[in-house]
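# Structural overview for review
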Amino acid sequence: MKPYALLLSVFVLTGCVTASQLQQASAGQFEKMRQEMTISNNAADRAYVQCIANAIIAQLDEPYASYNWDVELFDEDETNAFAMPGGQIGVFTGMFAVAEDQDQLAAVMGHEIAHVTLGHSLSRANSQTAATLGIMIGSVASEVVRENVGLIMLGTQLGLLLPFSRAQETEADVDGLELVARAGFRPAASVELWRNMAAANPNRPPSFLSTHPSSSARIAALGEQVTQVMPLYQQARAGGRRPACSR
Ligand SMILES: [Zn+2]
């Protein structure tokens, strides 16, 4: 708990949050998730998720290219994935039920990684009062993850406890799609994925989509973006970037 207490005092004293503070906080939170949630012990599934992450990360610019990216597969039924500002990527096994192939899962992971490279957590954190953020971190640190999945999910999936705005979600869609296209994943898989997601959750969007535009608006926008990134995808394939990740 001590790092969190320290972080809290830093926030209160300085009144703003630096990238380095966010990275420390997210690393600590990720370790806590590893300790308190069930980690998948399926080697093939773990390798599959890592393979997709590697292909996407290889397309990042500095400083993100040099991050110590850390990928974990959590054995949880929930349809969820997240990336934290320090470069921690979490995927829940529940994603396999809707993401049918590597390209669809890459669409989700690319979106989450784009939130990191767009600095969304940091700008979000600074839009809140430092004290509030510090208290939120402190309270999360003292919770038992398993019994507070809602709270923890809100925090961890969104980088650091604060939901992204709709504008940020759209930015992450655009940048995420470009990223996966450059990595050689089929861009159209993003549209397929969100269709599957909408079908799987007819009444309630999964938590990581709750701040997104409605499924139909999102799918329409993505369809246009797919056309725009096709040249990047074709370039990637021609250049030998042909990820072959499978379970
Ligand atoms: Zn998002």
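Rules of the game
Residues numbered from 1 in each chain as written. Predicted model: local features only at pLDDT ≥ 70, side-chain atom pairs only at ≥ 80, totals over all residues. Helix = DSSP H or I, 4+ residues; strand = E, 2+ residues; numbered from the N terminus. Buried ≥ 20, exposed ≤ 12 C-beta atoms within 10 Å, placed from the backbone. Contact = placed C-beta atoms within 7 Å. Axes fitted to C-alpha atoms, helices over the stretch in contact; angles between N-to-C directions. Parallel < 35°, antiparallel > 145°, perpendicular 65-115°, else oblique. Nonpolar A, V, L, I, M, F, W, Y, C, P; charged D, E, K, R; others polar. pLDDT = per-residue confidence, 0-100. Pairing = 2+ DSSP bridges. Expected span 1.5 Å × (residues − 1). Arc of directions from axis to C-beta. Core = buried A, V, L, I, M, F, W, Y, C linked by C-beta atoms within 7 Å. Bend = angle between axes of the 7 residues up to and from the residue.

This part is about the overall build of the protein. Across its full length, the protein holds 10 helices and 3 strands. Counting helices and strands in the order they occur from the N terminus, the protein gives α-α-α-β-β-β-α-α-α-α-α-α-α. Expressed as a percentage of the 247 residues in the protein, the buried residues total 42%. In the protein, of all internal contacts separated by at least 6 residues, the share reaching a separation of at least 24 is 77%.

In this section: the packing of helix H4 (residues 102–117) against helix H9 (residues 189–200). Axis separation between H4 and H9 bottoms out at 8 Å; the angle between their running directions is 85°. One finds that H4 runs roughly perpendicular with respect to H9. Packed against H4, whose contacting residues are Asp-103, Gln-104, Ala-107 and Val-108, the element H9 presents Ala-189, Ser-190, Glu-192 and Leu-193 at the interface. Residue classes in the contact of H4 with H9 are distributed as 4 nonpolar, 2 polar and 2 charged.

Looking at the protein, pLDDT values average 78 and 70% of them are 70 or higher. Across residues 1–15 the pLDDT falls below 50, and counting only partners more than four positions away or on other chains, this stretch makes 28 contacts in the model.

Here we come to the pairing of strand S3 (residues 88–92). With respect to burial, S3 is a largely interior element, 5 of its 5 residues being buried. Where strand S1 (residues 70–74) and S3 come together, 5 bridges link them in parallel fashion. Looking at S3, one finds that Val-71 is bridged to Ile-89. Sheet analysis places strand S2 (residues 81–83) next to S3, joined by 3 bridges and oriented antiparallel. In the sheet register, Phe-82 faces S3, and the bridge partner there is Gly-90. What sits between the antiparallel neighbours S2 and S3 is a turn of 4 residues, in which Gly-87 has the positive phi angle 100°.

Moving on: helix H3 (residues 43–57). Residues lying three or four places apart along an α-helix face the same way, a consequence of the helix completing one turn every 3.6 residues. For H3, which comprises 15 residues, the first-to-last C-alpha distance of 21 Å matches the rise-based estimate of 21 Å (1.5 Å per residue) to within 8%. When H3 is considered as a whole, its buried residues turn out to be Val-49, Ile-52, Ala-53, Ala-55 and Ile-56. Taken down its axis, H3 places every buried residue within 165° of arc, on the same side. Facing away from the buried surface of H3 by more than 90 degrees, the exposed residues are Ala-43 and Ala-44. Each element contacted by the buried residues of H3 is listed here: S1, S3, H4 and helix H8 (166–183).

For the rest of this paragraph, the subject is the environment of Ala-238. You can see Ala-238 is positioned in helix H10 (residues 215–238). C-alpha separation for the pair Ala-238 and Gly-184, spaced 54 residues apart in sequence, amounts to 9.2 Å.

A separate point is the nonpolar core. Counting 44 residues, the largest nonpolar core has Ile-56, Ala-106, Met-109 and Val-180 as the members making the most contacts within it. It is H4 that provides the largest number of residues to this core, a total of 8 residues. Apart from the residues within four sequence positions on either side, Ala-106 is in contact with Ile-52, Ile-56, Val-180, Ala-183 and Phe-185.

This next bit is on H10. The terminal C-alpha atoms of H10 lie 32 Å apart, and with 24 residues this matches the ideal 34 Å at 1.5 Å per residue to within 8%. Its maximal kink placed at Val-229, H10 deviates by approximately 45°, while the proline Pro-231 follows within four residues. Where H10 is concerned, the buried positions are Arg-218, Leu-222, Val-229, Tyr-233 and Ala-236. Buried residues along H10 sit in contact with H8 and H9. Immediately downstream of H10, the backbone of Gly-240 shows phi near 90°, a positive value.

What follows is about the sheet that holds S2. Reading across the sheet, the 3 strands line up as S1-S3-S2 and stay open at both edges, with mixed pairing between neighbours. The open sheet has two edge strands with one neighbour each: S1 and S2. Ignoring which end each strand starts from, the neighbouring axes of this sheet average 10° apart. Sitting on the sheet, helix H2 (residues 19–36) touches S1 and S3, and the angle it makes with S3 is about 30°. Across the sheet, H4 is in contact with S2 and S3; its angle to S2 comes to roughly 30°.

It is at 9 Å that the axes of H9 and H10 come closest, and there the two elements cross at 170°. In terms of orientation, H9 lies roughly antiparallel with respect to H10. Across from Ser-190, Val-191, Trp-194, Arg-195 and Ala-198 in H9, the residues of H10 making contact are Ser-215, Arg-218, Ile-219, Leu-222, Gly-223 and Val-226. Split into classes, the residues belonging to the contact of H9 with H10 amount to 6 nonpolar, 3 polar and 2 charged.

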